[in-house]
Amino acid sequence: MLQINSAAPSRNVYEEFNPKLDAYYFKVGDYGLISFHGRNYTIKKRMSSEEKATLLSDSSFFRLTSNFYVNLDKITHIENQAIYFKDKISGDKCIPVSRRTQELVRRMVIKLNHIAI
């Protein structure tokens, strides 16, 4: 018997990009240019100062350095001085961090999601 997958078509990340849903982390560059990093892509977008302010004030994003933010909702685990983002298709993606930063991120994830990582 032939089975047909009737799942809804997947969303095109490039056309319908949503930083909160799609980005693992992002870097803020000069002149409003923000580089979003996700599962297997990097999307650079120019944002107005209002859009940028809204993005930076979102509680889902935690500032690691002056221009580097991680999406707390996308972190799967934290260990060995690294933050990990896991995806079923492309596997693990990680960012090295100091022990102090690792502990700060861990506390924010627990506070935001009420789960232990």
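Per-chain numbering applies: the sequence of each chain, read as written, is numbered from 1 onward. At least 70 in pLDDT is required for a residue's local features to be given in this predicted model, at least 80 for side-chain atom pairs to be given and counted, and no such filter applies to totals for whole chains, interfaces and linings, which use all residues. Note: side-chain values were computed over all heavy atoms of the structure, leaving out hydrogens and water.

**Student:** What should I look at first to understand the sheet that holds strand E7 (residues 82-87) in this one?
**Tutor:** Pairing between the strands of a sheet is mediated by backbone hydrogen bonds and can be parallel or antiparallel. Sheet architecture is open: three strands sit in the order E6-E7-E8, paired in antiparallel fashion. The outermost strands of the open sheet, each flanked by one partner alone, are strand E6 (77-79) and strand E8 (91-96). Here the strands of the sheet are splayed against their neighbours by 25° on average, with no regard to which way each runs. When DSSP finds two or more bridges between two strands, those strands count as paired. Helix and strand labels come from DSSP, where a helix needs a run of H or I of at least four residues and a strand needs a run of E of at least two; each type is numbered from the N terminus. Direction of pairing for E6 relative to E7: antiparallel, over a ladder of three bridges. Among the inter-strand pairings, Glu79 is bridged to a residue of E7, identified as Ala82. Axis definition: a line fit to C-alpha positions, over the contact stretch in the case of helices; interaxial angles, taken between N-to-C directions, run 0 to 180 degrees.

**Student:** How should the pattern of salt bridges be read in this particular structure?
**Tutor:** Two side chains that carry opposite charge are able to pair once their charged atoms sit near each other. Here a salt bridge means any side-chain nitrogen of Lys or Arg lying within 4 Å of a carboxyl oxygen belonging to Asp or Glu. A complete count under the given rule lists three salt bridges for this structure. For Asp92, the salt bridge is made with Lys86, and the minimal N-O distance between the two is 3.8 Å. Under the relative-accessibility criterion, Lys86 is labelled exposed at 53%. Put simply, Glu103 and Arg106 hold a salt bridge, and the shortest N to O gap is 3.6 Å. One end of the pair is Glu103 and the other is Arg106, both in helix H3 (residues 99-113) and three residues apart, which spans about a single turn. Partly exposed describes any residue whose relative accessible area lies between the buried limit of under 20% and the exposed limit of over 50%, with all areas from a 1.4 Å probe on protein chains only and scaled to the type maximum. By relative accessible area, Glu103 is classed as partly exposed at 33%. Classification of Arg106 as buried rests on a relative accessible area of 17%.

**Student:** Please explain the packing of aromatic side chains as it appears in this structure.
**Tutor:** By convention here, two paired aromatic rings are described through the distance between centres and the angle between planes. Put simply, two rings from Phe, Tyr or Trp (the six-membered ring, in Trp's case) pair if the centres are within 6.5 Å, and we call them stacked under 30 degrees between planes, edge-to-face over 60, tilted for the rest. On inspection of all chains with the given rule, the structure shows seven aromatic pairs. Between Phe26 and Phe36, the aromatic rings sit 5.4 Å apart at their centres with planes inclined by 50°, giving tilted as the arrangement. You can see Phe26 sitting in strand E1 (residues 25-28) and its partner Phe36 sitting in strand E2 (residues 33-37), a full 10 residues away along the chain. Note on Phe36: relative accessible area 0%, which makes it buried. By the ring-pair criterion, three or more aromatic residues cluster together here, those being Phe17, Phe26, Phe36, Phe61 and Tyr69.

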